[in-house]
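# Observations on the model geometry
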Amino acid sequence: MTSRPHHPTAPCPACRAPKAPGQYLCRTCWGTVPAPARRALKRRDAQAMARLRALLDHINRGLPLAELEITP
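The notes below deal with the structure included here. (Residues numbered from 1 in each chain as written. Predicted model: local features only at pLDDT ≥ 70, side-chain atom pairs only at ≥ 80, totals over all residues. Heavy atoms only, no water.)

Attention shifts here to the side chain of lysine 19. Within the secondary structure, lysine 19 sits in the segment before helix 1 (27–32). There is no salt bridge for the buried lysine 19, and the closest opposite charge comes from aspartate 57, which lies 16 Å off by N-O distance. Within polar-contact distance, the side chain of lysine 19 engages the backbone oxygen of glutamine 23 at 2.8 Å. Residues contacting lysine 19, with those up to four places away along its chain left out, are Thr9, Ala10, Pro11, Cys12, Tyr24, Leu25 and Cys26. (Helix = DSSP H or I, 4+ residues; strand = E, 2+ residues; numbered from the N terminus. Buried < 20%, exposed > 50% of the residue type's maximum accessible area, 1.4 Å probe, protein only. Lys, Arg positive; Asp, Glu negative; His and termini not counted. Salt bridge = Lys/Arg side-chain N within 4 Å of Asp/Glu carboxyl O. Polar contact = N/O pair within 3.5 Å; in protein donor to acceptor, adjacent residues only side chain to side chain. Contact = heavy atoms within 4.5 Å.)

Structure, rendered in structure tokens:
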């Protein structure tokens, strides 16, 4: 049996809890993001990085995730 290498990940930017690699937020914080914003953040297109920056800006301003609005 071989073990998988451990890939460290940054903590959740909203609450500092552990999050899965490749995820923007931990599961708890992701669940507080409104559904339209979650759908927008899941899209992989030319505007994906702009939407991620909008999420991080929202967090850095100390605003509640439940009030997050992401434009498509």
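From this point, things continue past the structure.
Following the sequence through the fold, arginine 44 ends up in the loop between helix 2 (35–42) and helix 3 (48–60). Those residues in contact with arginine 44, other than ones at most four positions away along the chain, are Tyr24 and Arg51. Of the polar contacts made by the side chain of arginine 44, one reaches the side chain of tyrosine 24; its length is 2.7 Å.

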